[in-house]
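Topology and contacts: notes
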Amino acid sequence: MVIIKSEREIELMKKAGYAVAQAFKVIGEKIRPGMTTMDVDSIVEQIFAANGCTSAEKGYYGYPANACVSVNEELVHGIPSKSKFLKEGDIVSVDLVANYKGYMADACRTFAVGKLSPNAARLVKVTKDAFFEGLKQVVVGNTIGDISHAVQTFVESNGYNVAREYTGHGIGANMHEDPSIPNFGKAGTGVLIRPGMTLCIEPMVMEGKKDLRVLPDGWTAVSRDKKLTAHYENTVVVTSNGYEIITMYEGEE
Ligand code: MF3
Ligand code: CO
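Parameters at a glance
- Residues numbered from 1 in each chain as written.
- Chains lettered and ligands numbered in written order.
- Predicted model: local features only at pLDDT ≥ 70, side-chain atom pairs only at ≥ 80, totals over all residues.
- Heavy atoms only, no water.
- Phe/Tyr/Trp six-rings, centres within 6.5 Å; stacked < 30°, edge-to-face > 60°.
- Helix = DSSP H or I, 4+ residues; strand = E, 2+ residues; numbered from the N terminus.
- Donors = N, O, S within 2.8 Å, 3.2 Å for Na, K, Ca; no water.
- Buried < 20%, exposed > 50% of the residue type's maximum accessible area, 1.4 Å probe, protein only.
- Axes fitted to C-alpha atoms, helices over the stretch in contact; angles between N-to-C directions.
- Parallel < 35°, antiparallel > 145°, perpendicular 65-115°, else oblique.
- Left-handed = near helix turned anticlockwise from the far one by under 90°.
- Contact = heavy atoms within 4.5 Å.
- Polar contact = N/O pair within 3.5 Å; in protein donor to acceptor, adjacent residues only side chain to side chain.
- Pairing = 2+ DSSP bridges.
- Near = heavy atom within 4 Å.
- Areas by Shrake-Rupley, 256 points an atom, 1.4 Å probe, with all protein chains shown as cover.
- Nonpolar A, V, L, I, M, F, W, Y, C, P; charged D, E, K, R; others polar.

Quick look at the packing of aromatic side chains now. This model, assessed by the stated rule, comprises six aromatic pairs. Summarising the aromatic geometry, the rings of Tyr-63 and Trp-219 are spaced 4.9 Å apart at their centres and angled 80 degrees between planes, so their arrangement reads as edge-to-face. In this pair, Tyr-63 is assigned in the loop between β1 (54–55) and β2 (68–71) and Trp-219 in the loop between β11 (212–214) and β12 (221–223), connecting sequence segments 156 residues apart. When the ring of Phe-132 is compared with that of Tyr-232, the centres are 6.0 Å apart and the planes differ by 45 degrees; the resulting orientation is tilted.

Given below as C-alpha cells:
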C-alpha cells in the first residue's frame, strides 16, 4: 500500500533530508586516503546529532553502524570498520538514512578518494546520471515502471549492468514502503505516480556482471567478479507539477 504524505509529514522528512545532505557535504570535504570507513561513520553520527536526527540504519534488522560505507566491489551495506583504510583511487558509496521525529530520508553518494582511474570515474558518473534519467519520469500519471525502464536503458546503453537483488522504494515513517522501484523493468507498468508520494530512486550499477554475493558478515553485498560498483540515491517528493529532491545540499551538483 502506497502512503501519500501530508504537508506536515513532508516537512519532517525534509529535516531528515537536510541532515543527510549535510553529512554528504562534510564527507565530500574530508574524505581522503588514510581515513577509515569508521571515520566516515563518526562524521555521520555527529552531523545527524547536530541536526536533531538519529541514524535509522543503526539497529535496523540488527545493522551495527550509523552508515553503510561500501568500497569498490562492495555494492551496498558495507559495515564501517576501524581497520578498513581508504586509499587513493577508491570509490566509496555512503548510504545514509536519517530519522527526524519519526520521519526518514534516505540517500547515497559514491565518493572518490583522491584521483580516480578513468574507468572508475565513468562508472560513478553513469550511476549518478542514471538517477537523473529515472527522475525525468517522475511525472504525475507516469508509472514506476517508467522510472525503472529509464534507469535500466541508460545504464545498459553505457555498457554496465543494474543489480537485481536491491531496489528503490517508498519512504516515510518507515525506511522501506511501497512501491518497490527496481532499476530494471518495462515502461508503462506498475503503480501510477501521484502527488504526495515520497520515493527513493537509487541506481546500483555494476561495471562487470550483475551477480552478487553477501560476505560472511551477513551484510556486505559484493560483485562476484570483484569488479567495481557504484550507487547514487535521493529521496524525492512527487508534487502536482513535478518533484522535489529533499536530500541534496545547496549548491550540490
Ligand atoms: N539505505 C538502504 C536503502 O537504500 C538500506 C540500509 S540497510 C541498513 O534502502 F540496514 F543499513 F539499514
Ligand atoms: Co534506499
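The discussion continues.
At this site the cobalt ion (ligand 2) is bound by Asp-106 (OD), His-169 (NE2), Glu-202 (OE) and Glu-233 (OE), with donor distances of 2.1 to 2.2 Å. Read in sequence order, the donor residues coordinating the cobalt ion (ligand 2) give the pattern D-x62-H-x32-E-x30-E. Remark: Glu-202 occurs in the loop between β9 (198–201) and β10 (204–206) and Asp-106 occurs in strand β5 (residues 103–112); sequence separation between them is 96 residues. Each member of the pair, Asp-106 together with Glu-202, is buried.

So, about the packing of helix α3 (residues 118–135) against helix α4 (residues 144–157). A pair of packed helices is captured by two measures, namely the crossing angle of their axes and the spacing between those axes. It is at 8 Å that the axes of α3 and α4 come closest, and there the two elements cross at 150 degrees. In this view, α3 runs roughly antiparallel relative to α4, as classed from their interaxial angle. Every pair of crossing elements has a handedness; the one defined by α3 and α4 is right-handed. Only Ile-147, Ala-150, Val-151, Phe-154 and Val-155 of α4 make contact with α3, whose side of the interface consists of Val-126, Asp-129, Ala-130, Glu-133 and Gly-134.

Relative to the elements of secondary structure, Thr-229 occurs in strand β13 (residues 229–231). Under the relative-accessibility criterion, Thr-229 is labelled buried at 1%. In terms of polar contacts, Thr-229 uses its side chain to reach the backbone carbonyl oxygen of Asn-72, at 3.0 Å. A polar contact of 3.0 Å, which involves the side chain of Thr-229, links it to the backbone oxygen of Glu-74. Non-local contacts of Thr-229, meaning those with residues more than four positions away in its chain, are made with Asn-72, Glu-73, Glu-74, Leu-75, Ile-91, Leu-123, Val-205, Met-206 and Ser-223.

Let us look at the sheet that holds β13. Pairing is antiparallel across the open sheet formed by three strands, whose spatial order is β6-β10-β13. Sheet topology places β6 (161–162) and β13 at the edges, where each strand pairs with a single neighbour. Where β10 and β13 come together, three bridges link them in antiparallel fashion. Counted as the bridge partner of Met-206 is Thr-229 from β13. This element, α3, spans β10 and β13 of the sheet and lies at about 35 degrees to β13.

For the rest of this paragraph, the subject is the site of ligand 1. Around ligand 1 sit 14 residues in total, of which Cys-68, Asp-95, Asp-106, His-176 and Glu-202 are the nearest. Take Glu-57: an N or O atom from its side chain is 3.2 Å from a nitrogen atom of ligand 1. A distance of 3.0 Å is found between a nitrogen atom of ligand 1 and a side-chain nitrogen or oxygen belonging to Asp-95. In isolation ligand 1 exposes 340 Å². Once the protein is present, 95% of that is buried. Its residues placed into classes, the shell around ligand 1 shows six nonpolar, three polar and five charged.

Here we take up the sheet that holds β12. Spatially, the three strands line up as an open sheet ordered β3-β12-β11, and their pairing is antiparallel. Each edge of the open sheet is held by one strand with a lone partner, namely β3 (74–76) and β11. Taken over all neighbouring pairs, the strand axes of this sheet differ in orientation by 40 degrees on average, direction set aside. Bridge analysis of β11 against β12 gives three bridges, and the strand direction is antiparallel. By the bridge assignment for β12, Val-214 is matched with Ala-221.

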